[in-house]
Amino acid sequence: MRQYAVAPGGANVELKEWSFRKGSGFPDTLTLAVSIPLGVGINLFSSWLWSKVKGRATRISINRVEVQLEADEVTRVIVEQTKIESK
């Protein structure tokens, strides 16, 4: 069963995979597929995403790019990766 959500800015988020290893010492891993409308939607989505992971995530990767755990860095990488995808 696929799980979808609509995030602020018109972004569509699909949960692709959720891995957790109880008692093994490894962190939970979520794999999400995200579609974001260009423009103002990117900033709204990145702010929403940061509010969800702040204080909870130990690592974030976007398109295999590791992101520093700071709000501005999350936004910067999302904007850069969106530009790469839209070319």
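Student: Can you help me understand the environment of Ala 57 in this one?
Tutor: Counting through the fold element by element, Ala 57 comes out in the loop between helix H1 (40–53) and strand S4 (60–62). For Ala 57 and Leu 69, which are 12 residues apart along the polypeptide, the C-alpha to C-alpha distance reads 8.0 Å.

Student: Sorry if this is basic, but what is going on with the pairing of strand S1 (residues 3–7) here?
Tutor: Side-chain positions along a regular strand alternate between the two faces of the sheet. Relative to strand S2 (residues 11–19), S1 runs antiparallel, the two being bridged by 5 bridges. Note on S2: the bridge partner recorded for Gln 3 is Leu 15.

Student: Just checking my understanding: could you explain the confidence of the model for the chain for this structure?
Tutor: Detailed conclusions should not be drawn from predicted coordinates in areas where pLDDT is low. Per-residue confidence for the chain averages 81 on the pLDDT scale, and 83% of its residues sit at or above 70. No element of the chain has a lower mean pLDDT than helix H2 (residues 71–86), which averages 82, and none a higher one than strand S5 (residues 65–67), which averages 89.

Student: Would you mind going over the pattern of salt bridges with me for this structure?
Tutor: Two side chains with opposite charge may pair up if their charged atoms get near one another. Taken as a whole and assessed by the stated rule, the structure comprises 4 salt bridges. Across the salt bridge formed by Lys 16 and Glu 14, the nearest N and O atoms sit 3.8 Å from each other. Judged by its relative accessible area of 11%, Glu 14 falls in the buried class. Residue Arg 76 pairs with Glu 80 through a salt bridge whose shortest N-O separation is 2.7 Å. Within this pair, Arg 76 and its partner Glu 80 are both found in helix H2, separated by 4 residues, close to a single helical turn. On the basis of relative accessibility, which here comes to 37%, the residue Arg 76 falls in the partly exposed class. Where salt bridges share partners, they join Glu 73, Arg 76 and Glu 80 into one cluster.

Reading guide: rules and limits
Residues numbered from 1 in each chain as written. Predicted model: local features only at pLDDT ≥ 70, side-chain atom pairs only at ≥ 80, totals over all residues. Heavy atoms only, no water. Helix = DSSP H or I, 4+ residues; strand = E, 2+ residues; numbered from the N terminus. Pairing = 2+ DSSP bridges. pLDDT = per-residue confidence, 0-100. Salt bridge = Lys/Arg side-chain N within 4 Å of Asp/Glu carboxyl O. Buried < 20%, exposed > 50% of the residue type's maximum accessible area, 1.4 Å probe, protein only.

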